[in-house]
Amino acid sequence: MFQDKVVVVTGGANGIGLLDIVENRFVGMKSRGVYETPGGTILYRAHRVLETITVDSNNKWYFAENNVLFEKSFIDGSIEIIRIPCNKDLESYVVPDNVKTISYGALTGNTTLKNLTLGKNISAVYDFDAPCLENIYVHPENTTYSSADGVLLSNNGTTLEFYPMGKTCAQYTVPSDVTTLNSLCFIDNPYLTELTIPDTVKELNHTVVEACDNLTTINMSPCEASFFWPFLFCEKLTTVNFSGTVEELKQMNIELYHEENKEGIYAYCSDGIVELEAPDYEYEYELGDVNMDQKLNIRDATAIQKHLAKISALSEEAFFFADYNTDGKVSIQDATDIQKNIAGIF
């Protein structure tokens, strides 16, 4: 935590975070209180400074515009966004047309951005981890991506790339032109309660839905699932309305799981009802051993980072070990905690 003992003691010795307040209580009395939060005050001030990014004009590879940090590649001169900081005045942002990539971590933890427009030359986006992001729009001349109702699609509209974390719709139906749902295209959205996947969708990549905490119902048809658990860690999910038969569902080999779900998850098929259960696996690896080499090292943290950046995919077994802090999600915090453990910080 930021409130390290040295920070708290040093800040307190210099009178940082000291407030003397007289309060008018509801019952008619007055109360005087002295509040001292040196560590919290320093953290708050530091966060405010991070809302502004400035780069020396003599820097050859980095530059900032409108408080957004960019990097110029020394290989081909392409421009990459490194960081879009939290800023109360930056609820909407249009990516400049000369930018080709949004890097991993560029949006992580951004709680102010609501609307993002990708420029016409964007060809790779590695981070949409912005909890308040409601809409993703795309320049009409972009040859990699397109957008429908603020949801990111491939250029031809056949792959659903990402559903914004802050989109407030309770029900969502995948567009009929979509044939493939990409990995982690629905993740950490707290508003979605019902998801409809039409019969035009033929392929589910690994873990298309993860940690959508209020999702209760999925409507879907038979398709090809490339991963045992296309829907993972949705603690309120209880119902899957499946238009095919029980046998067709079994052939898809789908298992839906969340350890906190006590009610069970039931698939209502055209010819019967079946409960979808977690597999009964026994593991010989420790928590955090993502690559399952019986060692806890930096490679495990890297595996999580590559998974989040969509560079490589985690297997169904690796998901268990990747949730190092056991919060039901695989996130950058798990990679950070593994690194802290290796460093002996905790």
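Note: the structure precedes this text.
Residues numbered from 1 in each chain as written. Predicted model: local features only at pLDDT ≥ 70, side-chain atom pairs only at ≥ 80, totals over all residues. Heavy atoms only, no water.

Peer 1: Describe the sheet that holds strand β19 (residues 209-210), with residues and values.
Peer 2: Read across the open sheet, the three strands follow the order β16-β19-β22; overall the sheet is parallel. With partners counted over all chains shown, the strands left at the sheet margins are β16 (186-187) and β22 (231-232), one partner each. (Pairing = 2+ DSSP bridges. Helix = DSSP H or I, 4+ residues; strand = E, 2+ residues; numbered from the N terminus.)

Peer 1: Lay out the pattern of salt bridges with the relevant residues and their values.
Peer 2: On inspection of all chains with the given rule, the structure shows one salt bridge. Here E141 and K120 are joined by a salt bridge, their closest N and O atoms 3.9 Å apart. Separated by 21 residues along the polypeptide, E141 in the loop between β10 (135-138) and β11 (145-148) and K120 in the loop between β8 (115-118) and β9 (124-125) bring together distant segments of the chain. Residue class for E141 comes out exposed when judged on its relative accessible area of 52%. (Salt bridge = Lys/Arg side-chain N within 4 Å of Asp/Glu carboxyl O. Buried < 20%, exposed > 50% of the residue type's maximum accessible area, 1.4 Å probe, protein only.)

Peer 1: Give me the lowdown on the pairing of strand β3 (residues 62-65), citing residues and values where you can.
Peer 2: Relative to strand β4 (residues 68-72), β3 runs antiparallel, the two being bridged by four bridges. Directly across from Y62, in β4, lies its bridge partner E71. Connecting β3 to the antiparallel partner β4 that follows it, the hairpin turn spans two residues, and N66 within it adopts a positive phi of roughly 55 degrees.

Peer 1: Which residues make up a nonpolar patch on the surface, and what are the values?
Peer 2: Residues L19, I21 and Y35 make up a contiguous nonpolar surface patch of roughly 260 Å² in combined accessible area. You can see L19 is positioned in strand β1 (residues 18-24). On the accessibility criterion, L19 (48% relative accessible area) is partly exposed. (Patch = residues over 30% accessible without salt bridge, like charges linked within 9 Å, V, L, I, M, F, W, Y side chains within 5 Å. Areas by Shrake-Rupley, 256 points an atom, 1.4 Å probe, with all protein chains shown as cover.)

Peer 1: Requested: an account of the nonpolar core, with residues and values cited.
Peer 2: L160, V174, L181, F186 and M220 are the most contacted members of the largest nonpolar core, which has 35 residues in total. Residue assignment for this core shows that the elements contributing at least two residues are β12 (151-154), β20 (217-220), β23 (239-242), α3 (246-252) and β24 (265-269). In terms of nonpolar packing, the next biggest core, distinct from the first, is built from 28 residues, L113, I122, L133 and V138 among them. (Core = buried A, V, L, I, M, F, W, Y, C linked by side-chain atoms within 4.5 Å.)

Peer 1: Any chance you could break down helix α4 (residues 298-308) for me, citing the residues and the numbers?
Peer 2: Of all the residues in α4, the buried ones are D300, A301, A303, I304, H307 and L308. Angularly, the buried residues of α4 cover 155 degrees about the axis, an arc narrow enough to put them on a single face. Once α4 ends, the next one or two residues include K310, with phi positive near 65 degrees. (Arc of directions from axis to C-beta.)

Peer 1: Break down the packing of aromatic side chains for me, with residues and values.
Peer 2: All told, the structure shown has five aromatic pairs when counted by the stated rule. Considering the side-chain rings of F63 and F70, the 5.0 Å spacing of their centres and the 5 degrees angle between planes classify their relative orientation as stacked. Three or more aromatic residues link up through ring pairs in this structure, and these residues are Y163, Y172 and F186. (Phe/Tyr/Trp six-rings, centres within 6.5 Å; stacked < 30°, edge-to-face > 60°.)

Peer 1: How would you sum up the environment of N291? Please name residues and give values.
Peer 2: Residue position: N291 is located in the loop between β25 (272-276) and α4. Judged by its relative accessible area of 34%, N291 is partly exposed. Residues within four places of N291 in sequence aside, it is in contact with R299 and D300. (Contact = heavy atoms within 4.5 Å.)

Peer 1: An account of the sheet that holds β8 is needed here, citing residue identities and associated values.
Peer 2: Taken in spatial order, the three strands of this open sheet run β6-β8-β10, and their pairing is parallel. The open sheet is flanked by β6 (92-94) and β10, the only strands paired with a single partner. Each strand axis lies, on average, 15 degrees off the axis of its neighbour in the sheet, ignoring direction. The sheet contact formed by β8 and β10 spans four bridges and is parallel. Paired with L116 across the two strands is I136, which belongs to β10. (Axes fitted to C-alpha atoms, helices over the stretch in contact; angles between N-to-C directions.)

Peer 1: Which residues make up the packing of α4 against helix α6 (residues 332-343), and what are the values?
Peer 2: For any two helices packed against each other, one specifies the crossing angle of their axes together with the interaxial distance. Close contact between α4 and α6 brings their axes to 9 Å; oriented N to C, the two are set at 170 degrees. Taken together, the axes of α4 and α6 lie roughly antiparallel to each other. The handedness of the crossing between α4 and α6 comes out as left-handed. Touching I298, D300, A301, I304, Q305 and L308 of α4 are I332, D334, A335, I338, Q339 and I342, all from α6. Within the contact of α4 with α6, the residues separate by chemical class into eight nonpolar, two polar and two charged. (Parallel < 35°, antiparallel > 145°, perpendicular 65-115°, else oblique. Left-handed = near helix turned anticlockwise from the far one by under 90°. Nonpolar A, V, L, I, M, F, W, Y, C, P; charged D, E, K, R; others polar.)

Peer 1: Explain the side chain of D334 to me, and be specific about the residues and the numbers.
Peer 2: Inspection of the secondary structure puts D334 in helix α6. At 2.8 Å, the side chain of D334 and the backbone nitrogen of S331 are in polar contact. For D334, the contacting residues outside a window of four places in its chain are I304, A322, D323, Y324, N325 and K329. (Polar contact = N/O pair within 3.5 Å; in protein donor to acceptor, adjacent residues only side chain to side chain.)

Peer 1: Account for the pairing of β25, naming residues and giving values.
Peer 2: By the bridge criterion, five bridges tie β24 to β25 in an arrangement that is antiparallel. From the neighbouring strand, I265 faces β25, where its bridge partner is L276. Turn length for the β24-β25 hairpin, with the two strands adjacent in sequence and antiparallel, is two residues.

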